[in-house]
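Overview (structure and organization)
Listed here are the chains, written in short residue letters.
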Amino acid sequence: MTDYFLYFTLACYFGATVLWLAYFLAQRDSLYCWGAWTLAAGLVFHTLALLQRTWAYGYLPVASFGGALLLFGWVLVSAFLLFNWRYPIRVLGALVAPLAALIIYGALVSARGQETISPMLRGVWLLAHIGLTMGGIAALTLNFLGGIFYLIQERQLKAKRFGFFFRRLPSLSQLDTLNYWCLSIGFPLLTGGIVTGSIYAQHTLGRFWSWDPKEVLTLLAWLIYAVLMHERLTVGWRGRRAAWLAILGFLVLLVTFVGANLWVSGYHSFAQFGKP
Amino acid sequence: MNLLLVGLNQKTASLELREKLAGLIPDLPAAYLRLKEFPEFAEIILYSTCNRVELLCLAEDATAALERLRAFFSGAPDVSPEALSASLYQHQGAEAVRHLFRVAASLDSMVLGEPQILGQIKEAYRQATEQEATGPVLNRLLHKSFTVAKRVRTETGIGDHAVSVSYVAVGLARKVFGELAGLTVLLLGAGEMAELALEHLRTQGVGRLIVANRTLERGLRLAERYQGEAVSLEELEEQLGGADILISSTGSETYLLRRDQVRAAMRRRKQRPLFLIDIAVPRDLDPAINELDNVYLYNIDDLQEVAEQGWQKRRQEVARAERLVAEETVKFQEWLLTLEVYPTIIGLKEKAAAICQAELKKTLNQLGPISEEQRQSLEVLLNSVSQKLLHDPIIFLKRNHHRKNPHLELDLARRLFNLDQDRQTEESEEEES
């Protein structure tokens, strides 16, 4: 199967990266507009690529690492564009666009694993499990990126040294609001993902929880985010500490998503999908 | 036609002298009435700001017009001619254009890159047009100066960096809070600089104001002026719970707020960010407060350092701005030159029309009675021959190939078609003698 759409997507995301970085440097509104539209055009191709694959396989192919990356990239860009439309923090695109390009590139070069999955792993519950988890991770990724910006900006205001980033980054309050929003959307989605997953596991494997490495790590990340959410709501944790915790939580998720597939194997691992 | 500019500014003249000359301005209609009486000026505009008084005019005879301009300035009461001639500067042609552009773009200001000057020039231009003192050249020049100023502002960073302590404070507050609308300001003690910062904050739309002062009476006065409320210094810690920005400038010898106090206040505030500005010397606020999360403390030295950096950055942008001004000056000069071509083109057309008419008359006399239709055909014939013949010379003049010495071509064209009758006779007389 040829991946023309994917190459178009990659080209668009790459173009958006260039535009958005140029916007970050020059801070011209027109560059931002072009960047946003190029990213949106990339998303259209991305959608077409996913549809084409779904058509070819008869189901959404997420069994391989590349397939999962592809879906995740789609969710991330959609989430970002949706977010950017409602609550524009323009410079965030300068991180999202290159990340999206990287994800597509990763999906293209990663060895095509076996895309056939056992019939057991199809169904509405599983789709909900994957959708919710991916949506949650996408929101938490934005939270992570916002956290990085927050820490840079906070560092400059505290140290009273104003460098390259100071003028280009938005205010602390905007960045913190972004982080809070992403967390309050991402955390419930992730929770939903875990719950639907365990219900499905009970349904098919007869147990809610298997202590699979991926499950354990996700639980750890979930706990970190739960603490963050709780502290934010009760004692008003915000700013620097919240940003650090968001970054920590995301790193655990990253290990879960990437590392767990490479180093340890469980039934969640992409390579093991065929044989639960 | 020559563009001339005469004036003085803060670099060349004392404040006293500037004030006296600016005294010419309040009664602008009268000033313009006097200026328009002088036949030397084709178009004129007069503008003054707190740092400069300048007159810009378009005149046929540059020397006579310059004399007039100087005479106009010395017409101000109590001005000694020596002091005046020592401080007046004058620019002609491209230099005058460049000077106006630099003034409008605030490259010639005391505070480099300040935005007010453009507004002042716009206002002066409005008044000049009201008095019908300007014409096509100055209209275009002034409008051009507005766009140049705008280009300099948007394409260089000359106005981007705050250079005064109070602006710096507001800029930093914006980087912490984003929008300042609805925030509460707590003023601790009152001083000129604190009030200045407060003024800037208010233009950004901050909401409530609380004044805490040692003498409640003075605090009340200040609070009244800005529709705030006054509290006593003892309530400071309590008030910290509700305030977002604190500006401190008391004469206290000891710290008024310590780290622990602020830490406790932050807990009560549920960690909402707090921005503290300490412009008192000696300091009112414990520097260790800055170590707390979500608390940002700046003292006067910090702010001044940022302001100094702002100055440096503005100065770095000057070269780019000057380049832009030079570019626009050249463009304007080119436009002026095309303007100079028009009298010659009109002269050419008039001469052709006159010849056509004369020849037509002669021919009609010789032909005897002919029909109206035939007469019209003859006219059309003459007109189209003259138009086609003149077409190429006119295009040639408009293109103006000779950039370095543009008058050369114009002069040649005028001589070629003998458009200046007087000169022709002068030259032939010279030849005869």
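Residues numbered from 1 in each chain as written. Chains lettered and ligands numbered in written order. Predicted model: local features only at pLDDT ≥ 70, side-chain atom pairs only at ≥ 80, totals over all residues.

As a further point, take the overall build of chain A. Summing up its helical and strand segments, chain A has nine helices and zero strands in all. Put simply, chain A runs from its N terminus to its C terminus through helices and strands in the order α-α-α-α-α-α-α-α-α. For chain A, the residues scored as buried account for 45% of the 276 residues in total. Contacts in chain A between residues far apart in sequence, at least 24 positions, make up 80% of those at least 6 positions apart. (Helix = DSSP H or I, 4+ residues; strand = E, 2+ residues; numbered from the N terminus. Buried ≥ 20, exposed ≤ 12 C-beta atoms within 10 Å, placed from the backbone. Contact = placed C-beta atoms within 7 Å.)

Here we take up the overall build of chain B. If you tally the helices and strands in chain B, you get 16 helices and ten strands. In terms of overall size, chain B is more extended than a compact globule, its C-alpha atoms giving a radius of gyration of 33 Å where 433 residues would be expected to give roughly 22 Å. Summarising its shape, the C-alpha atoms of chain B cover approximately 115 × 50 × 35 Å along the three principal directions. Of all 433 residues assigned to chain B, the portion counted as buried reaches 35%. (Rg over C-alpha atoms; globule rule 2.2 N^0.38 Å.)

Once that is clear, we can look at the interface of chain A and chain B. Tallying the contact residues gives 15 residues for chain A and 15 residues for chain B. Breaking the side of chain A that touches chain B down by element, the ones donating at least two residues are helix H5 (124-159), helix H7 (172-204) and helix H9 (239-263) of chain A. Residues that form the side of chain A that touches chain B fall into these classes: five nonpolar, five polar and five charged. (Nonpolar A, V, L, I, M, F, W, Y, C, P; charged D, E, K, R; others polar.)

Here the domain parsing of chain B yields domain 1 (2-155), domain 2 (179-300) and domain 3 (338-432). Using only C-alpha atoms to locate each centre, domain 2 of chain B and domain 3 of chain B end up separated by 80 Å. (Domains from an automatic or database assignment.)

The next thing to look at is the domain arrangement of chain A. Where the parts come together, the accessible area they lose is often given as the size of the interface. Residues and elements named next belong to chain A. For chain A, the assigned domains are domain 1 (1-116) and domain 2 (118-269). Spacing between the C-alpha centres of domain 1 and domain 2 amounts to 20 Å. On the domain 2 side, the residues contacting the 18 residues of domain 1 number 18 residues. Contributing elements (two or more residues each) for the side of domain 1 that touches domain 2: helix H3 (65-86) and helix H4 (93-109).

This part is about the sheet that holds strand S6 (residues 209-213) of chain B. Residues and elements named next belong to chain B. Pairing within the open sheet is parallel, and its six strands lie in the order S7-S6-S5-S8-S9-S10. Of all the strands in the sheet, the pair left with one neighbour each is strand S7 (229-232) and strand S10 (295-299). Adjacent strand axes in the sheet meet at a mean angle of 20° when their direction is disregarded. In the sheet, strand S8 (residues 245-248) pairs with strand S9 (residues 274-278) via four bridges, with the strands oriented parallel. Across the sheet, residue Ser248 finds its bridge partner in S9, namely Asp278. Relative to the sheet, helix H10 (residues 216-225) contacts S6 and S7, its axis offset from that of S6 by approximately 160°. (Pairing = 2+ DSSP bridges. Axes fitted to C-alpha atoms, helices over the stretch in contact; angles between N-to-C directions.)

Residues and elements named next belong to chain B. The terminal C-alpha atoms of helix H6 (residues 116-130), which comprises 15 residues, lie 21 Å apart, in line with the 21 Å expected from a rise of 1.5 Å per residue. Regarding H6, the residues found buried are Ile117, Leu118, Ile121, Ala124, Tyr125 and Ala128. With its buried residues spanning 125° around the axis, H6 presents them on a single face. Along H6, exposed side chains directed more than 90 degrees from the buried face belong to Gln116, Gly119, Glu123, Arg126 and Glu130. Close packing links the buried residues of H6 with strand S2 (41-49), helix H5 (94-104) and helix H7 (136-155). Just beyond H6, the residue with positive phi is Glu132, at close to 55°. (Expected span 1.5 Å × (residues − 1). Arc of directions from axis to C-beta.)

Below, the discussion takes up the nonpolar core. Counting residues in each nonpolar core, the largest one holds 128 residues, and the members touching the most others are Val185(B), Leu187(B), Ile247(B) and Leu276(B). By size, the runner-up hydrophobic cluster in this structure holds 51 residues, among which are Val6(B), Ala31(B), Leu56(B) and Ile121(B). (Core = buried A, V, L, I, M, F, W, Y, C linked by C-beta atoms within 7 Å.)

This part takes up the confidence of the model for chain A. The predicted coordinates ought not to be read in detail in places where the model reports low pLDDT. Averaged over all residues, the pLDDT of chain A equals 84, while 88% of them reach at least 70. Under a pLDDT of 50 for its full length, residues 272-276 of chain A has, in the predicted model, 13 contacts with residues more than four places off or in other chains. (pLDDT = per-residue confidence, 0-100.)

The next subject is the packing of H7(A) against helix H8 (residues 213-234) of chain A. Helix-helix packing: each pair is described by the crossing angle between the helix axes and the interaxial distance. Residues and elements named next belong to chain A. At a minimum axis distance of 10 Å, the contact between H7 and H8 shows a crossing angle of 140°. Between H7 and H8, the crossing angle belongs to the class labelled oblique. Judged by the sense of rotation from one axis to the other, the crossing of H7 with H8 is left-handed. Between H7 and H8, the residues in contact are Tyr180, Leu183, Phe187, Leu190, Thr191 and Ile194 and Thr218, Trp222, Tyr225, Leu228, Met229 and Arg232, respectively. (Parallel < 35°, antiparallel > 145°, perpendicular 65-115°, else oblique. Left-handed = near helix turned anticlockwise from the far one by under 90°.)

Attention now goes to the environment of Val170(B). All names here are of chain B. Looking at the element boundaries, Val170 is found in helix H8 (residues 165-177). On the neighbour-count criterion, Val170 (23 C-beta atoms within 10 Å) is buried. Remark: the alpha-carbon pair of Val170 and Leu180, spanning ten residues in sequence, is separated by 9.0 Å. The contact partners of Val170, leaving out residues within four places of it in the chain, are His200, Leu201 and Gln204.

Residue and element names in this part refer to chain B. Spatially, the four strands line up as an open sheet ordered S2-S3-S1-S4, and their pairing is antiparallel. Looking at the sheet topology across the chains shown, the edges are occupied by S2 and strand S4 (89-92). Taking the axes of each pair of neighbouring strands and ignoring which way they run, one obtains an average angle of 15° across the sheet. Two elements, strand S1 (residues 2-9) and strand S3 (residues 52-59), share eight bridges in a ladder whose sense is antiparallel. The partner of Val6 across the bridge, within S3, is Leu55.

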